[in-house]
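Architecture and fold: a report
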Amino acid sequence: MAHLSFPFESVPSAAVRRRLSSTVDSKRPNPMWAAVAGAVINNNSQYEIAVSVHDSVYSTDFTSLVIPYNPNNPDKNAKEIEQYVLQTLRKFSVEHLCKFLGAGVTLGLLKESPNVCTRLWMDMDIVPYVFNIKPFHTDSLTRPNVKHRISSTTGSYVPSGAETPTVYVDSEHLRAMSGLQAGVSTRLPIPRTLDEQADSAARKCLMHFGPGNNPRLSIGPRNQVMVDAGGKVHLLDDIDEYKKTVGPRTWSAVIKLADELREKKVKIGFFSSTPQGGGMRHALIRFLNALDVDAAWYVPNPSPSVFRTTKNNHNILQGVAAPDLRLTQEAKDNFDAWILKNGLRWTAEGGPLAEGGVDVAFIDDPQMPGLIPLIKKVRPELPIIYRSHIEIRSDLVHKPGSPQEEVWKYLWNNIQLADLFISHPVSKFVPSDVPTEKLALLGAATDWLDGLNKELDPWDTQFYMGEFRNLCAKEKMTELRWPERDYFVQVARFDPAKGIPDVIDSYCKFRKMLSAKAPELSEDEHPQLLLCGHGAVDDPDASIIYDQVMQQISSAPYNTYASDIIVMRLPPSDQLLNALMANSRVALQLSTREGFEVKVSEALHAGRPVVACRTGGIPLQIEDGKSGFLVTPGDNAAVAGHLFDLYTDEELYRRMSAYAKSHVSDEVSTVGNAAAWLYLAVMYHRGEKLKPNGAWLNDMLRAECGEEYVAGEPRLPRGGLQMQG
C-alpha cells in the first residue's frame, strides 16, 4: 500500500479570525478534538503519522506525514514524532482559532514516543486518551455474530480494542478485485489504515467528554473511582515532571518508600464520601500509579438525604450552624444504614475490605467513620487510619448538651477504633478525647501539575477567560473586564464559613479608600471583585449562600459597587479556576472558620499575594508581610488597607509576588503529601504500631528515610500549636 503525505485541506475564514481576535468580542476559540496514529513503514526506514481533527460531530480535517525512522535511535525517533504532533496541532489551532480539548493517541504511537502525552498536557493543555487501535478491523467480543444491531452489553468491560477478535475474510472474495494469486492463505485480516485508526481514536476520545466539554468522571465496580478514566488518560507519563516540583530530599524519601511498597506488593485503599469537590485524591492516585504503587480509591453510592446530614454535621462541628440545628435519631439511623449498605459491598468476597483486599485502609472525614467498626469485625488485624480534614470546635464538643457534643459523641464512637488519627496542623482542631499518642499532623495538598495549578499557555488562558465571559453572559452576570481592568479574587465554595460577606465589605471599603487617596484614577482603573468556586456533590448549602451573597450586593451600601462585583458558581473545570487565579491581581481568603485551605498555597504558587484571616491553617502558609498579609477575622478596614497598598505600590506587589511563588513548602504538593501516605503504609505493613504523640508526619517520614530537613528548605511552621483545647 502506498504511503502518501496529506496536508490539512480546510481553510480558515479571514472574517472569523478578525471577529474572534477582537478583545472587545466575547467569543473564544472554538473547542475541537484531535487524534494521532502512527506506524513504522518501508522496512523500518520511515514512520508515518496521521492526525485527525474532529469538532464533536464531524471529522473536519486530516493530515499525514512520513518522517525518517532509525530503529537504532529510539530517542531521536520519539523526539521527532513528539515535535511533529505538537507543531501540527498548534499550527492548526492558531490558523483556525480553535482550542483542542482532548486528543486520542494510539498505543502504537505512544510506544514510539513515550512522552508525547505528557507534552500534549503540559504544553498545550490537551487531555490525551490512549487507545489500543489495532491495525486490522476487529469484531465484537461479546456478540460476534450480531451484525445489524448493537448489544447493550457490548464493550461493558472490554478494554478499547485490547482483546477484540480480528475480522478475517476469505481470500477468494478478494481475488477478482485485488489480483491475489492462488496459494495465498484462505483467510486474511482486513487492514485498518492510519487515517482510519486516527479517526477511530478521535471518536473514542469524544465519548469521554460530557456536559460543558469536561472529561467524564468514571466510577467502576464496587464504586472504585476510575482515576483518569481507568488509565486511559495519560497526563503525566514522564515521572521527571513530578521530580521537578519538589526538593531532592523529598523526592529521595518518596522513592525509598515506594520501592519498599512495590517490592512487598502492599495494597493501599482510600475511602471517602465523594469523588468530586475539595480534598479529592485524583492527583494522589495518579502519582501513585506513576510510581507503580498498588493504590485504589472507593466512594459510596451518593445519597442526597445523607449528604444533607453530613453537611449539617460539618457546620455544627465548625460552629457555623443555626443554634437549633440538631443531629436527630432519624438522621443517625439513615446515616448508619447508608454506610452499612455500602460497607457490606466492600467487605463481601472479592471486595477491597475483604480477606485478600487492601493491606492498609485510609478513612476520610465525618462521612465515613461508620466503616471502621465494620472493618474491625471482618478484618480485626487491618490497620485503619482516620483522616480528619475539617475543624472540630474542641471548645464546644465538650460543652454538655451542645449540638457539637452530640455530633462528636456519635462520630467518636466509631473513630476511636482507628489505629491513628490524622488532623490538620491547626490549634484546637482535635477534641481531648483523642489520645495524644494516636495523633499525627498533616496539612492538605494540591497538585502543581494538574489543571488547577499548571502554567497555562497564553492561547489556553485566552480560551478559558473567554469561556468565563460566556458563562457570565449566560447567567446575566456582570462582565469581568479583564485584561482591560485588574481584579481581586476569592476562590471558595459558597459556604457560611468562607467569609464572603466580609470580602464584599472589605472591597467596598477599599474602593472608597482608592477614590479618596488616588483621585487621579478613573472608575475604569479601579479593580473589580470576583467571587467564584465550584462545589462538591455533598454540599447542599451552596445555593442558599449564593442567594444571600446576591442579596447583600444589591443592598446599601454595597449596591454602589454592584456593577463591579462578579459572583459565579462555576462548572467543574480546573483550568477555568486556574486561569481566573493566575490572572488576578490579589487573592483573598477571609474565612471565619477554616481547616487548612490549600487554596492559599495555590494562590501563592501562582505568584499572587494573599490577604487572609488568621483562621485554621491559613497562617501556616502565609508569611505575614512577605508573601501576603494576615488579619483578624472581621477586621475589614485592615483588609482594605492591604488591598490599597498592593494595588498602588508596584514595588511592594512585585516583591511579594516573587517571594510567594518561591516559598511554598513541598508538604502541600502531591509528591510531599504522597510521602506521608507511603510512609504510613510502609510502617503499618512492617507491623509497627506508631505513636506520633502529635508529631508531623513529614518530620517522621523524613527521619525514617534519613532525609531530614536542612536549613533553608521551605516547610510549614512547626511551633506554637495547641492541638487540643
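Coordinates for the structure precede this section.
Residues numbered from 1 in each chain as written. Predicted model: local features only at pLDDT ≥ 70, side-chain atom pairs only at ≥ 80, totals over all residues. Heavy atoms only, no water.

Moving on, we come to the packing of aromatic side chains. With the rule as written, the count across this model stands at 24 aromatic pairs. Residues F307 and W338 carry aromatic rings whose centres are separated by 6.1 Å and whose planes lie at 80° to one another, so their mutual orientation is edge-to-face. In this pair, F307 is assigned in helix α11 (residues 304-318) and W338 in helix α12 (residues 329-347), connecting sequence segments 31 residues apart. With 6.3 Å between their ring centres and 35° between their planes, Y507 and F510 make a pair best called tilted. Placement of both Y507 and F510 in helix α16 (residues 500-517) is noted, with a separation of 3 residues, approximately one turn of the helix. Side by side, Y507 and F510 carry an identical accessibility label, which is buried. Three or more aromatic residues link up through ring pairs in this structure, and these residues are W33, Y129, F131 and F209. Lying over the aromatic face of W677, R281 brings its terminal NZ or CZ to 4.8 Å of the ring centre. In this arrangement the basic side chain of R718 is found over the ring face of W696, its NZ or CZ atom lying 4.0 Å from the centre. (Phe/Tyr/Trp six-rings, centres within 6.5 Å; stacked < 30°, edge-to-face > 60°. Helix = DSSP H or I, 4+ residues; strand = E, 2+ residues; numbered from the N terminus. Buried < 20%, exposed > 50% of the residue type's maximum accessible area, 1.4 Å probe, protein only. Lys NZ or Arg CZ within 6 Å of the ring centre and 35° of its normal.)

Here we take up the pairing of strand β3 (residues 59-68). Pairing of strand β2 (residues 46-54) with β3, which is carried by 9 bridges, proceeds in the antiparallel orientation. Counted as the bridge partner of H54 is S59 from β3. What sits between the antiparallel neighbours β2 and β3 is a turn of 4 residues, in which S56 has the positive phi angle 90°. (Pairing = 2+ DSSP bridges.)

Turning to helix α22 (residues 650-662), a few remarks are in order. Between its first and last C-alpha, α22 extends 19 Å over 13 residues, near the 18 Å set by a 1.5 Å rise per residue. Inspection of α22 places L652, Y653, M656, S657 and A660 among the buried residues, and these make up the whole buried set. Looking straight down α22, one finds that the buried residues subtend no more than 125° of arc, so they occupy a single side. The opening residue of α22, the one whose side-chain oxygen lies 3.3 Å from the backbone nitrogen of E651, is D649. (Expected span 1.5 Å × (residues − 1). Arc of directions from axis to C-beta. Polar contact = N/O pair within 3.5 Å; in protein donor to acceptor, adjacent residues only side chain to side chain.)

Take the sheet that holds strand β12 (residues 420-423) next. Within a sheet, neighbouring strands are paired by backbone hydrogen bonds and run either parallel or antiparallel to one another. Strand order in this open sheet of 7 strands is β9-β8-β10-β11-β12-β13-β20, and the pairing throughout is parallel. Of all the strands in the sheet, just β9 (294-298) and β20 (695-696) have a single pairing partner and so form its edges. Looking at chain direction, strand β10 (residues 360-364) and strand β11 (residues 384-388) are connected through 4 bridges and run parallel. Paired with D364 across the strands is R387, a residue of β11. Together, β8 (267-271) and β9 form the strand contacts of helix α10 (residues 282-290), whose direction differs from that of β9 by roughly 160°. (Contact = heavy atoms within 4.5 Å. Axes fitted to C-alpha atoms, helices over the stretch in contact; angles between N-to-C directions.)

This part takes up the pattern of salt bridges. The tally for this structure, following the rule as stated, stands at 42 salt bridges. The closest approach of N and O atoms between E82 and K79, which form a salt bridge, is 3.2 Å. With E82 and K79 both in helix α2 (residues 74-96) and 3 residues apart, this pair spans about one turn of that helix. D228 is the salt-bridge partner of R286, the closest N and O atoms lying 2.7 Å from each other. Pair noted here: R286 is in helix α10 and D228 is in helix α7 (residues 227-231), with a separation of 58 residues, a long-range link. The exposure class of D228 is buried, given its relative accessible area of 16%. Here the salt bridges do not stand alone but share partners, grouping E260, K264, R686, E688 and E704 into one network. (Salt bridge = Lys/Arg side-chain N within 4 Å of Asp/Glu carboxyl O.)

Evaluation of the coordinates by the stated rule reveals 5 cavities of 30 Å³ or more. Approximately 50 Å³ is the volume attributed to the largest cavity. Lining the largest cavity, in full, are F335, D336, I339, P366, Q367, P369, G370, Y410, L411 and N414. For the lining of the largest cavity, the elements supplying multiple residues, two or more each, are α12 and α14 (403-415). Among the residues forming the lining of the largest cavity, the class breakdown is 6 nonpolar, 3 polar and 1 charged. (1 Å grid on protein atoms, 1.4 Å probe; cavity = no way out; pocket = protein on both sides within 12 Å on 5 of 7 lines; lining within 4 Å. Points joined across faces, edges and corners; volume = space filled by probe spheres on them. Nonpolar A, V, L, I, M, F, W, Y, C, P; charged D, E, K, R; others polar.)

A few words now on the nonpolar core. Core analysis: the biggest nonpolar cluster contains 187 residues, and F270, F468, L580 and L680 have the highest contact counts within it. With 12 residues, helix α23 (residues 670-685) is the largest single contributor of residues to this core. Once residues lying within four places of it in the same chain are set aside, the contact partners of L680 are F362, I385, L420, I422, L690 and L697. (Core = buried A, V, L, I, M, F, W, Y, C linked by side-chain atoms within 4.5 Å.)

Next up on the list: the sheet that holds strand β1 (residues 30-41). One open sheet accounts for 5 strands, arranged β3-β2-β1-β4-β5; its pairing is mixed. Each of the sheet's edge strands pairs with one partner strand only, and the pair in question is β3 and β5 (127-131). Taking each pair of neighbouring strands and ignoring which way they run, the sheet shows an average axis angle of 20°. When strand β4 (residues 98-106) meets β5, the two strands line up parallel, connected through 5 bridges. Bridge pairing in β5 places T106 opposite F131. Each of β1, β2, β3 and β4 is contacted by α2, which is oriented at about 150° to β3, the strand it contacts most. Packed on one face of the sheet, helix α4 (residues 116-124) meets β4 and β5 and runs near 170° to β4.

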